[in-house]
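Listed here are the chains, written in short residue letters.
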Amino acid sequence: MHNPGLAMCLALLVATLRAATPLILAGIGELVTEKSGVLNLGVEGMMLVGAVTGFAATVTTGNPFLGILAAMAAGALMAGAFAFLTLTLLANQVATGLALTIFGVGFSALAGAPFQSHPIPGLATLLFPDLATASPLLQQLLLIDPLVILAVASPVLVHLFLARTRPGLILRATGESHEVAHAFGYKVIRIRLLATLFGGAMAGLGGAYLSLAYTPMWTENMVAGRGWIALALVVFSTWKPFWLVLGALLFGFVTIAGFQAESWGIELAPNLVATLPYLATILVLVLISRDKVRLTLNAPAALGKPFHPAG
Amino acid sequence: MRLSRRTLLATPALGLLPRAASAAGPLKVAFVYVSPIGDAGWTFQHELGRRAVDAALGDAVKTSFVENVEEGADAERVIRKLATDGNDLIFTTSFGYMNPTLKVAQQFPKLKFEHATGYKRAANLATYSARFYEGRFATGVLAGRMTKSAIMGYVAAFPIPEVLQGINAFTLGARSVNPKVQVKVVWTSSWFDPGKERAAADTLIAGGADILTHHTDSTAVAQAGEEKGVFTIAYNSDQSKYGPKTCLTAVTHNWNDYYIGRVKAVMAGTWTSGDVWGGFKQGMTKLAPYNAAVPEAVRKEVDGQIAVLAAGTAKPFQGPVNDQAGKVKIPAGHALSDKDIADMKWFVEGVQGKI
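Residues numbered from 1 in each chain as written. Chains lettered and ligands numbered in written order. Predicted model: local features only at pLDDT ≥ 70, side-chain atom pairs only at ≥ 80, totals over all residues. Heavy atoms only, no water.

Student: Hey, could you run me through the overall build of chain A in this one?
Tutor: Secondary structure summary: chain A contains 14 helices and zero strands in total. Taken from the N to the C terminus, the helices and strands of chain A come in the order α-α-α-α-α-α-α-α-α-α-α-α-α-α. Over its C-alpha atoms chain A spans a radius of gyration of 20 Å, differing by no more than 12% from the 19 Å that the globule rule assigns to 311 residues. Along the first, second and third principal axes, the C-alpha atoms of chain A reach 65 × 45 × 35 Å. The 311 residues of chain A split such that 53% are buried. Counting contacts in chain A only where the partners sit at least 6 residues apart, residues at least 24 apart contribute 81% of the total. Taken as a whole, chain A presents about 12900 Å² of accessible surface, with 75% of it coming from carbon and sulfur. Across chain A, 14 positive and 11 negative side-chain charges occur, with their mean positions spaced 16 Å apart. (Helix = DSSP H or I, 4+ residues; strand = E, 2+ residues; numbered from the N terminus. Rg over C-alpha atoms; globule rule 2.2 N^0.38 Å. Buried < 20%, exposed > 50% of the residue type's maximum accessible area, 1.4 Å probe, protein only. Contact = heavy atoms within 4.5 Å. Areas by Shrake-Rupley, 256 points an atom, 1.4 Å probe, with all protein chains shown as cover. Lys, Arg positive; Asp, Glu negative; His and termini not counted. Charge placed at Lys NZ, Arg CZ, Asp CG, Glu CD.)

Here it is, written out as structure tokens:
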């Protein structure tokens, strides 16, 4: 149990998983939303509101699981507002999504102000109070908290749902052509509303992971652009859950490996280290998805298009 | 923008402060902040300075601030607005405000401007900054005494002189009491990203570092140390509540005395432009109270070091100092000039990292 090499590899692996978790959670949610034909650019805002709500609920109730539920509800509420504006009132999805992010940044800062100086024990510490005194190997293993496991499991579940179930098929059909789905008698608006709410809840969950487990605290703007990276991953993965996870893990791995290399004394220019995660992820995902036919097949054809039953 | 509510603190000493400016009423002083105030960090320390001005001068001043002002075109608009609002003295507290401040200062020659950490000055535009590296040197001594593994981790944002001064001074301080010390530097390429700072700290801990410090703006490093049971030395503000057991101290910025002094100078009509680069002596950099984990003997030693630095009898960048390659960079008997310190772009021996 005291093999330093093994502990180091495990540390790298666990750190990669942890760095990828918020991206996977938010990305998978957005993937489902987009598969139904709705483009919600408000991921960053929903993550921030999820992060602050999860943190506030945890501090107030003392129960992190209530915090997680509250974060998901808050994310879904934001997504619900987006759905009302774009699906019911037919507002432009791009503009509304951007507005949602701007709102989320401001609102989370306002709501989070009283919670700025409340350090809390992280989810891992809460579940395993002896974390700090455990052996280095065990310490690493214990950092894989329930949210990390959920993040690893979610693409499997979402893939099975989309590819193997009837509701999944209907959801994809709605994203391909709302007219056809409507003609078949499916409730396009309701399906899209549910998919958007799911996306919001998952973004809220990703935010809660940041404020409750990854860096257990609330500070303004703590999501620091991860919502945008999740959005980009959805597109670069050509709407495939497993490729999205691959992209998120790669992004996390290259980030962590850069730190690791610096800590080992491998001499790398800091600017290169900062750029590499983006370069590597884009390069790999573009390479694996360069097949044009499959790309057009996977992209939801009705993405971002407004639907009105009478129109 | 929030205005002072400390009107009850009017001091009887008011009469001793004649106003040179003709306008009646309190002196109006404005502050421009680059980020939200929050409860720790760079902007928070400036805000403490503003509150100190309010507390010290009461009714004689009317202070205000604008927070979260983007560097660049936005800043110019905000600074000009503050100038036209009738402020007599305007402090702009981030490096990126340099050109906007200069521009507005030239348009309002009767007003006084002060820009933090910049180098462009005018007859009505002064600059000020702190020798944070003196605090870094003192905490290096502390870290050198507290380490067991002789490996230390430094989570840093960008390889600019201000950050490099800190890393070098910390390393020199640590090696002055423990020549085996190695300081590993990990760059986050971001002033504020708690997630990245946390990941960098975790990596350094896994790599054997038993003391961590940082030159980034969040409290993530102090929290990482607390969770893993590793000592940390915080930056900007006292972060003991984030690391009650492990945060040994913090290198803090302290602008209170400077701000009060400059406001008084405007009132007395003695304000002149210039550049102030203050350290322990001027109280611009200070250490936060020590953690209970710091033994008495170490406290005494570090306090002694601070006294020496404040007196100026010893300087952090005093030869002999070798660079990373082991070549003599500062010969024995010499100390770096202020210009060489301000332009620093190299690492001392014992730092593991690349610029």
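Student: Before we go on, may I ask you to explain the domain arrangement of chain B in this structure?
Tutor: Residue and element names in this part refer to chain B. For chain B, the assigned domains are domain 1 (19–131 + 254–278) and domain 2 (132–252 + 286–352). Between the C-alpha centres of domain 1 and domain 2 the distance comes to 30 Å. Across the boundary between the two partners, domain 1 contributes eleven residues, which contact 15 residues of domain 2. Across the contact surface, domain 1 and domain 2 share one salt bridge. Across the pair R131 and D338 runs a salt bridge whose closest N-O atoms are separated by 2.9 Å. Across the contact surface, domain 1 and domain 2 share six residue pairs in polar contact (both at pLDDT 80 or more). (Domains from an automatic or database assignment. Salt bridge = Lys/Arg side-chain N within 4 Å of Asp/Glu carboxyl O. Polar contact = N/O pair within 3.5 Å; in protein donor to acceptor, adjacent residues only side chain to side chain.)

Student: What is the right way to look at the sheet that holds strand 13 (residues 285–287) of chain B in this model?
Tutor: Pairing between the strands of a sheet comes from backbone hydrogen bonds, and it takes one of two forms, parallel or antiparallel. Residues and elements named next belong to chain B. An order of 13-11-10-9-7-8-16 is seen for the seven strands of this open sheet, with the pairing classed as mixed. Edge positions in the sheet fall to strand 13 and strand 16 (351–352), since each of these pairs with one other strand and no more. Relative to strand 10 (residues 231–236), strand 9 (residues 211–215) runs parallel, the two sharing three bridges. Bridge pairing in strand 10 places T213 opposite I233. The strands that helix 6 (residues 194–206) touches are strand 7 (151–156), strand 8 (182–187) and strand 9; relative to strand 7, the one it contacts most, it runs at about 165°. (Pairing = 2+ DSSP bridges. Axes fitted to C-alpha atoms, helices over the stretch in contact; angles between N-to-C directions.)

Student: Looking at this structure, I do not really get helix 5 (residues 161–177) of chain B. What am I missing?
Tutor: Spacing of three or four residues puts side chains on the same side of an α-helix, whose turn is 3.6 residues. The first and last C-alpha atoms of helix 5 of chain B sit 25 Å apart over 17 residues, in line with the 24 Å expected at 1.5 Å per residue. Judged by how many residues are buried, helix 5 of chain B sits mostly within the fold: 14 of 17 residues are covered. (Expected span 1.5 Å × (residues − 1).)

Student: What's the story with the environment of K148 of chain B in this structure? I'm lost.
Tutor: Residue and element names in this part refer to chain B. Here K148 shows up in the loop between helix 4 (132–146) and strand 7. Judged by relative accessible area, which is 79%, K148 ranks as exposed. Remark: the alpha-carbon pair of K148 and A209, spanning 61 residues in sequence, is separated by 9.3 Å.

Student: Got a minute to help me understand helix 1 (residues 42–57) of chain B in this structure?
Tutor: All names here are of chain B. Between its first and last C-alpha atoms helix 1 spans 23 Å; for 16 residues at 1.5 Å apiece the expected length is 22 Å, and the two agree. Burial of helix 1 is extensive: twelve of the 16 residues sit out of reach of the surface. Within two residues after helix 1, G58 carries a phi angle of roughly 50°, on the positive side.

Student: Which parts of the structure should I look at to understand the interface of chain B and chain A?
Tutor: Many descriptions give the size of an interface as the accessible area lost when the pieces come together. The interface of chain B with chain A comprises 37 residues on the first partner and 36 residues on the second. Between chain B and chain A lies a buried interface of about 2900 Å² when both sides are counted; carbon and sulfur atoms form 59% of it. On the surface where chain B and chain A come into contact, there are one salt bridge. Among the salt bridges present, the one from R226 of chain A reaches D193 of chain B, with a minimum N-O distance of 3.1 Å. Inspection of the region where chain B meets chain A yields seven residue pairs in polar contact (both at pLDDT 80 or more). Every element with two or more residues in the side of chain B that touches chain A is listed here: strand 8, helix 6 and helix 7 (220–228) of chain B. Of the residues that constitute the side of chain B that touches chain A, the class distribution is 14 nonpolar, 13 polar and ten charged. (Buried area = accessible area lost by both parts, 1.4 Å probe. Nonpolar A, V, L, I, M, F, W, Y, C, P; charged D, E, K, R; others polar.)

Student: Help me out: how do you make sense of empty space enclosed by the protein in this one?
Tutor: With a probe scaled to a water molecule rolled over the atoms, the places where space remains empty come into view. In total, this model carries six cavities of 30 Å³ or more according to the counting rule given. Each pocket or cavity is described by its volume, and for the largest cavity that value is around 110 Å³. Forming the walls of the largest cavity are 15 residues, and the residues nearest its centre are A11, A15 and Q140 of chain A together with D202 and T203 of chain B. Elements represented by at least two residues in the lining of the largest cavity include exactly helix 1 (4–35) and helix 12 (241–264) of chain A together with helix 6 of chain B. Among the elements that make up the lining of the largest cavity, the one with the highest residue count is helix 1 of chain A (five residues). (1 Å grid on protein atoms, 1.4 Å probe; cavity = no way out; pocket = protein on both sides within 12 Å on 5 of 7 lines; lining within 4 Å. Points joined across faces, edges and corners; volume = space filled by probe spheres on them.)

Student: It is not clear to me how the confidence of the model for chain B should be interpreted in this structure. Could you clarify?
Tutor: Low pLDDT means the predicted atomic positions in that stretch should not be read closely. All names here are of chain B. With 93% of its residues at a pLDDT of at least 70, chain B reaches an overall mean of 90. Looking across chain B, the model is least confident in strand 1 (residues 2–3), with a mean pLDDT of 42, and most confident in strand 4 (residues 89–92), with 97. Within the model, the stretch residues 1–22 combines pLDDT values under 50 with 38 contacts to residues more than four positions away or in other chains. ipTM for the predicted complex: 0.82, alongside a pTM of 0.84. (pLDDT = per-residue confidence, 0-100.)

Student: What is the right way to look at the packing of helix 8 (residues 166–176) of chain A against helix 10 (residues 188–214) of chain A in this model?
Tutor: Packed helices, taken two at a time, are described by the angle their axes make and the gap between the axes. All names here are of chain A. The N-to-C vectors of helix 8 and helix 10 enclose an angle of 105°; their axes lie 10 Å apart at closest approach. With respect to helix 10, the element helix 8 is oriented roughly perpendicular. Along its contact with helix 8, which presents I170, L171, T174 and G175, the element helix 10 presents V188, I191, R192 and A195. (Parallel < 35°, antiparallel > 145°, perpendicular 65-115°, else oblique.)

Student: When you look at the pattern of salt bridges in this model, what are you seeing that I'm missing?
Tutor: A side chain of one charge can pair with a side chain of the opposite charge when the charged atoms of the two come close. Residue and element names in this part refer to chain B. Here the structure, examined in full by the defined rule, presents 16 salt bridges over all chains. For R50, the salt bridge goes to E47, with nearest N and O atoms at 2.9 Å. A residue pair is termed a helical-turn pair when its members lie 3 or 4 positions apart in one helix, as R50 and E47 do in helix 1 at three residues. Its relative accessible area of 7% is what places R50 among the buried residues. Between R77 and D74 there is a salt bridge; the shortest N-O distance is 3.3 Å. Highlighted residues: R77 and D74, both in helix 2 (residues 73–84), separated by three residues, approximately one helical turn. The class for R77 is exposed, based on a relative accessible area of 53%. Taking the relative accessible area as the measure of exposure, D74 reaches 35% and is therefore partly exposed. Salt bridges linked by common partners bring E47, R50, R51 and D54 together as one network.

Student: Sorry if this is basic, but what is going on with a nonpolar patch on the surface here?
Tutor: A contiguous nonpolar patch, built from F65, L126, L127 and F128 of chain A and spanning about 320 Å² of accessible area, is present on the exposed surface. Checked against the element boundaries, L126 of chain A lands in helix 5 (residues 123–127). (Patch = residues over 30% accessible without salt bridge, like charges linked within 9 Å, V, L, I, M, F, W, Y side chains within 5 Å.)

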